[in-house]
Amino acid sequence: MEKTNYMMTVDNVAQELGVSKQKGYRIIRQLNEELAAAGYMTVQAKVPRTYWSERFYFGKRNIG
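Not measured: the values here are computed from a predicted model.

(A) Looking closely at unusual backbone geometry. Unusually for a residue other than glycine, Ala-45 sits at a positive phi of about 70 degrees. By the element assignment, Ala-45 lies in the loop between helix 2 (21–37) and strand 2 (46–48). Residue Ala-45 is classed as partly exposed on the basis of its relative accessible area, which comes to 29%.

Below, the structure written as structure tokens:
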């Protein structure tokens with residue numbers, strides 16, 4: 001059975017955006033605060049890939 005990783009780690013975030021790990025942690029913290037405010041449970045230093053994609057305009061968002 002193939003394992004699918006549903007969460008982005010700080011290494012994934014830093015690599016995707018070309019930023020330092022420190023900046024990656026700040027971004028993940030902000031995204032997790034948004035999720036927590038919306039009533040979702042979060043995992044420290046990880047963010048769901050679907051939410052990541054939505055917030056960074058990789059998802060199906062219609063702009064304009």
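(B) Here's a closer look at the side chain of Asn-32. Mapped onto the secondary structure, Asn-32 falls in helix 2. By relative accessible area, Asn-32 is classed as buried at 9%. Polar side-chain contacts of Asn-32 include one of 3.0 Å to the backbone oxygen of Lys-46. Filtering out sequence-adjacent residues up to four positions away, Asn-32 remains in contact with Thr-42, Val-43, Ala-45, Lys-46 and Val-47.

(C) How the structure looks around the environment of Arg-49. In this structure, Arg-49 sits in helix 3 (residues 49–55). Overall, the relative accessible area of 33% leaves Arg-49 in the partly exposed class. The sequence separation of Arg-49 and Met-8 amounts to 41 residues, and the corresponding C-alpha distance is 5.6 Å. Look past the residues within four positions of Arg-49 in its chain and what remains in contact with it is Asn-5, Tyr-6, Met-7, Met-8 and Asn-12.

What counts, and where the lines are drawn
- Residues numbered from 1 in each chain as written.
- Predicted model: local features only at pLDDT ≥ 70, side-chain atom pairs only at ≥ 80, totals over all residues.
- Heavy atoms only, no water.
- Helix = DSSP H or I, 4+ residues; strand = E, 2+ residues; numbered from the N terminus.
- Buried < 20%, exposed > 50% of the residue type's maximum accessible area, 1.4 Å probe, protein only.
- Polar contact = N/O pair within 3.5 Å; in protein donor to acceptor, adjacent residues only side chain to side chain.
- Contact = heavy atoms within 4.5 Å.

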